[in-house]
Amino acid sequence: MLYPQMNEKRTVFDLGGLWDFCLGGESLDKKCLAVPLEKSEKMFVPASYNDQKADKKYREHYGYAYYQRRFSVPNELKSKRLVLRFGAVAHNAEVWLNGKRIVSHTGGFLPFEAELDPLFLEEQNLLCVAVDNRIDLSTLPVGNEIKKAMFGDAPPDFESVLKTKIKNKNYPNFDFFNYCGINRPVFLCVMPTEYISDISIVSEIKDGFAVVKADVSLSKKGNAKISVFDKEGREIARGVDAGSEFIIENPHLWEPNNAYLYTAKVTFGDDCYYQKFGIRSIEIKGEKFLINGKPFYFKGFGKHEDSETRGRGYDGALNVKDISLMKWINANSFRTSHYPYAEEMLSLCDEEGIVVIGETPAVGLAFPDADGEVKKKLDLRSLRHKEVLSEMIARDKNHPCVVAWSLANEPDSTGNPEKAREYFKTLYDLAHRLDPQSRPVTVVACNNDYVKDKVTELSDIICLNRYYGWYIFAGDLDAAKQAMTAEMEYFSKFCKPLMITEYGADAAAGIHSVTANTFSEEYQLEFYEAINSVLDKYGFVVGEQVWNFADFATVQGVMRVDGNKKGLFTRDRRPKLAAHYFRKRWGEIPDFGYKCNNKGE
Ligand code: BDP
């Protein structure tokens with residue numbers, strides 16, 4: 001799917017700003033989609049609605065919310081192809097224009113579009129969006145059933161609890177706040193009626209040259225042409241037919257922290273599109289993860305799209321700041337935990353040379369034997385998982401920064417090991433089939449009983465989340481090191497590269513303790529020193545991504561004091577003690593060749 005672009009043939013209007021808004025109930029109120037809202041207030045787009053207003057009802061809302069705005073289309077553009085494009089609406093969207101439904105979309109982290117019929121356009125068009133924020137066993141991310149959410153696996157049987165009526169609400173089976181609304185930009189895109197609908201670029205590096213191939217999809221049969229420009233804007237391949245291969249002599253490679261982007265200008269009839277791309281290779285060889293043939297070491301983070309006021313709403317300035325902090329701390333990578341991030345962030349990473357593992361929103365999955373309603377929900381979830389994976393790859397396939405796909409975060413793959421394996425095998429094959437670059441695929445695992453797990457062995461690169469020294473052996477770093485060592489010994493038998501995609505300890509900024517007690521900044525620092533001393537012993541460990549880049553909002557409860565505090569930075573991006581430690585450590589670990597002998601092995 002192409003990102004909206006303004007060029008000599010295309011125009012884009014940003015429909016962000018103040019929209020009319022009102023909270024709704026649990027069933028869809030079509031009136032709120034068809035006519036102007038009777039009672040409304042202002043809400044900013046793009047941003048989550050939960051923290052924009054000083055009232056619990058927005059934060060704890062369950063069900064629909066309605067957004068409306070008017071827009072006009074200049075007359076001279078009405079003969080063109082007009083497309084409304086939403087970057088992401090969490091979680092489900094129903095969109096109406098002038099009293100007529102134009103599109104609906106399931107899933108809160110990927111874009112969708114609707115082509116507008118010029119015959120239905122008025123002078124002041126009424127655009128209405130209904131947003132449903134409900135999560136359950138059928139959605140990604142997964143919502144819990146109430147009993148399990150509140151009482152775990154041991155539902156209570158005492159009177160006072162059984163008699164209590166609890167109002168319907170979301171019970172996330174994941175550890176981040178369920179921020180919802182029109183979270184990413186809304187654009188009106190104008191393009192010729194005969195147009196370029198998609199472009200896929202792949203490249204292969206040979207000795208002294210690269211072979212590049214661009215597959216172009218068009219709205220009707222015809223020929224597209226491609227010219228390629230280097231970073232300085234010089235045309236280096238001219239007028240090649242789309243679909244054919246072209247050669248770039250002595251190519252500049254896209255490298256971590258040393259990005260180089262080419263631009264393919266695709267023209268077709270009266271349309272054109274400028275697609276940036278990088279030339280780089282990804283390969284897994286034995287226990288190494290190679291970028292451009294060289295063993296790469298992942299230094300970085302699991303993150304969240306999370307900030308004050310905007311919630312999960314797109315914030316370009318914050319993204320720039322985060323990447324700048326990553327450079328400050330000498331990191332080179334992050335995982336889009338636990339959902340696909342805004343496209344704009346990936347484009348920034350393309351430019352900045354930050355390596356990304358793209359993750360689907362499949363977090364909180366389990367595979368119980370089920371029947372009836374539960375089975376129906378789980379079947380629907382499985383269908384949606386395939387859809388979301390396909391949509392993510394279709395959106396992100398051209399980004400050189402993306403070097404691997406994560407199918408899910410921490411599924412329970414030991415409760416029903418065979419079933420989980422079968423489920424992920426299908427997705428693993430699908431990802432490889434859909435991705436023109438066939439990037440490595442992984443499932444981010446966290447199983448206490450890891451010897452029972454049959455999913456992790458499917459992964460091209462093993463990714464583990466581990467909390468020895470926090471959820472297990474809290475405060476006992478000696479025990480934590482032993483447990484980590486035992487697990488590394490076990491995984492060394494897989495003869496695959498492995499990276500730690502999460503490890504960490506909560507530290508409330510400003511809490512200090514000479515004896516490094518849990519929740520102090522000193523404990524967080526000593527936790528990392530301890531676990532890193534184990535990771536450093538194993539050549540097949542090709543990366544460390546700490547949890548988390550910054551403190552973030554979660555559902556309230558007894559496990560969290562004003563959110564998750566495992567950030568190396570606070571929520572407002574101030575460094576904790578451990579950030580200075582990593583800055584030094586990662587400054588001494590090269591992007592390439594760490595743990596290798598002088599033959600690079
Ligand atoms: C991991 C989850 C992550 C949580 C983290 C934690 O993958 O989403 O935020 O635990 O508890 O298991 O801090």
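Note: the structure precedes this text.
S.K.: When you look at the overall build of the protein in this model, what are you seeing that I'm missing?
M.R.: Looking only at helices and strands, the protein features 11 helices and 30 strands. When its C-alpha atoms are laid out on the principal axes, the protein stretches across 70 × 70 × 45 Å. Counting over 601 residues, the protein shows a buried share of 56%. Sequence-distant contacts in the protein: of pairs separated by 6 or more residues, those separated by 24 or more amount to 73%. Of the accessible surface of the protein, which amounts to about 25,100 Å², a share of 50% is contributed by carbon and sulfur atoms. When the 79 positive and 86 negative side-chain charges of the protein are each reduced to one mean point, those points stand 2 Å apart.

S.K.: What's the story with helix 11 (residues 577-588) in this structure? I'm lost.
M.R.: In a regular helix each residue adds 1.5 Å, so 12 residues correspond to 16 Å; helix 11 covers 18 Å between its end C-alpha atoms and thus fits that length. Those residues of helix 11 that sit buried are Ala 578, Ala 579, Tyr 581, Phe 582, Arg 585 and Trp 586. Buried positions in helix 11, seen along its axis, are confined to an arc of 155° and lie on one side of it. Relative to its buried face, helix 11 has exposed residues pointing more than 90 degrees away, namely Lys 584, Gly 587 and Glu 588. Those residues of helix 11 that are buried are in contact with strand 23 (298-302), helix 5 (316-328), helix 10 (521-535) and strand 30 (541-547).

S.K.: I'm lost on the pattern of salt bridges in this one. Help?
M.R.: Should the charged atoms of two oppositely charged side chains come close, the side chains can pair. A complete count under the given rule lists 50 salt bridges for this structure. Close ionic contact of Arg 234 with Asp 230 constitutes a salt bridge, the shortest N to O distance being 3.0 Å. Take Asp 230: its relative accessible area is 9%, and that puts it in the buried class. Note that Glu 588 and Lys 584 form a salt bridge whose closest N and O atoms lie 3.2 Å from each other. Highlighted residues: Glu 588 and Lys 584, both in helix 11, separated by four residues, approximately one helical turn. Of the two residues, Glu 588 and Lys 584, neither departs from the other in class, the shared state being exposed. By sharing partners, the salt bridges in this structure join Arg 85, Glu 113 and Glu 343 into a single network.

S.K.: What exactly am I supposed to notice about the packing of helix 7 (residues 372-396) against helix 8 (residues 417-434) here?
M.R.: Following both chains from N to C, one finds helix 7 and helix 8 inclined at 20°, their axes separated by 10 Å at the closest point. Considering the angle they form, helix 7 stands roughly parallel to helix 8. In terms of crossing hand, the pair formed by helix 7 and helix 8 is right-handed. Taken together, the residues of helix 8 that come into contact with helix 7 (itself represented by Arg 381, Ser 382, His 385, Lys 386, Leu 389, Ser 390 and Ile 393) are Tyr 423, Phe 424, Thr 426, Leu 427, Leu 430, Ala 431 and Leu 434. In the contact of helix 7 with helix 8, the residues fall into eight nonpolar, four polar and two charged.

S.K.: Please explain the site of the ligand as it appears in this structure.
M.R.: The full set close to the ligand counts 13 residues, and Asp 175, His 338, Glu 410, Tyr 471 and Lys 566 are the nearest of them. Separating an oxygen atom of the ligand from a side-chain N or O atom of Asn 409 is a distance of 2.9 Å. Arg 560 is positioned such that a nitrogen or oxygen atom in its side chain is 3.0 Å from an oxygen atom of the ligand. Taken by itself the ligand offers 330 Å² of open surface, and the protein chains cover 90% of this. Taken together, the residues of the shell around the ligand break down into four nonpolar, four polar and five charged.

S.K.: How do you make sense of the packing of aromatic side chains when you look at a structure like this?
M.R.: The geometry of an aromatic ring pair is captured by the separation of the ring centres together with the interplanar angle, meaning the angle of the planes. Tallied over the entire structure, the rule returns 41 aromatic pairs. Taken together, a centroid distance of 5.7 Å and an interplanar angle of 25° make the contact between Tyr 262 and Phe 277 stacked. One end of the pair, Tyr 262, is in strand 18 (residues 262-268); the other, Phe 277, is in strand 19 (residues 271-277), with 15 residues separating them in the sequence. Like Phe 277, Tyr 262 is buried. Each member of the aromatic cluster is reached from another via a ring pair, and the members are Phe 301, Trp 328, Tyr 503, Phe 527, Tyr 528, Phe 549, Phe 569, Tyr 581, Phe 582 and Trp 586. Cation over ring: Arg 81 sits above Tyr 195, and NZ or CZ is 3.7 Å from the ring centre.

S.K.: Any chance you could explain the sheet that holds strand 15 (residues 225-229) here in plain terms?
M.R.: Consider a sheet: its strands pair through backbone hydrogen bonds, and that pairing is either parallel or antiparallel. The sheet built from four strands is open, its strands ordered 16-15-18-19 with antiparallel pairing. Because the sheet does not close on itself, it has two edges, and the strands there are strand 16 (235-241) and strand 19. Strand-to-strand twist in this sheet, taken as the mean axis angle between neighbours without regard to direction, amounts to 20°. Two elements, strand 18 and strand 19, share seven bridges in a ladder whose sense is antiparallel. Each bridged residue has a counterpart across the sheet, and for Thr 263 the counterpart in strand 19 is Lys 276.

S.K.: What exactly am I supposed to notice about the packing of helix 5 against helix 6 (residues 343-352) here?
M.R.: To characterise two packed helices, one gives the angle between the axes of the helices and the distance between these axes. At a minimum axis separation of 10 Å, helix 5 and helix 6 run at an interaxial angle of 35°. In this structure, helix 5 crosses over helix 6, and the sense of that crossing is right-handed. From helix 5, Asn 319, Val 320, Ile 323 and Lys 327 reach across to helix 6, where they touch Met 345, Leu 348, Cys 349 and Glu 352. Across the contact of helix 5 with helix 6, the residue classes tally to five nonpolar, one polar and two charged.

Basis of the calculations
- Residues numbered from 1 in each chain as written.
- Predicted model: local features only at pLDDT ≥ 70, side-chain atom pairs only at ≥ 80, totals over all residues.
- Heavy atoms only, no water.
- Helix = DSSP H or I, 4+ residues; strand = E, 2+ residues; numbered from the N terminus.
- Buried < 20%, exposed > 50% of the residue type's maximum accessible area, 1.4 Å probe, protein only.
- Contact = heavy atoms within 4.5 Å.
- Areas by Shrake-Rupley, 256 points an atom, 1.4 Å probe, with all protein chains shown as cover.
- Lys, Arg positive; Asp, Glu negative; His and termini not counted.
- Charge placed at Lys NZ, Arg CZ, Asp CG, Glu CD.
- Expected span 1.5 Å × (residues − 1).
- Arc of directions from axis to C-beta.
- Salt bridge = Lys/Arg side-chain N within 4 Å of Asp/Glu carboxyl O.
- Axes fitted to C-alpha atoms, helices over the stretch in contact; angles between N-to-C directions.
- Parallel < 35°, antiparallel > 145°, perpendicular 65-115°, else oblique.
- Left-handed = near helix turned anticlockwise from the far one by under 90°.
- Nonpolar A, V, L, I, M, F, W, Y, C, P; charged D, E, K, R; others polar.
- Near = heavy atom within 4 Å.
- Polar contact = N/O pair within 3.5 Å; in protein donor to acceptor, adjacent residues only side chain to side chain.
- Phe/Tyr/Trp six-rings, centres within 6.5 Å; stacked < 30°, edge-to-face > 60°.
- Lys NZ or Arg CZ within 6 Å of the ring centre and 35° of its normal.
- Pairing = 2+ DSSP bridges.

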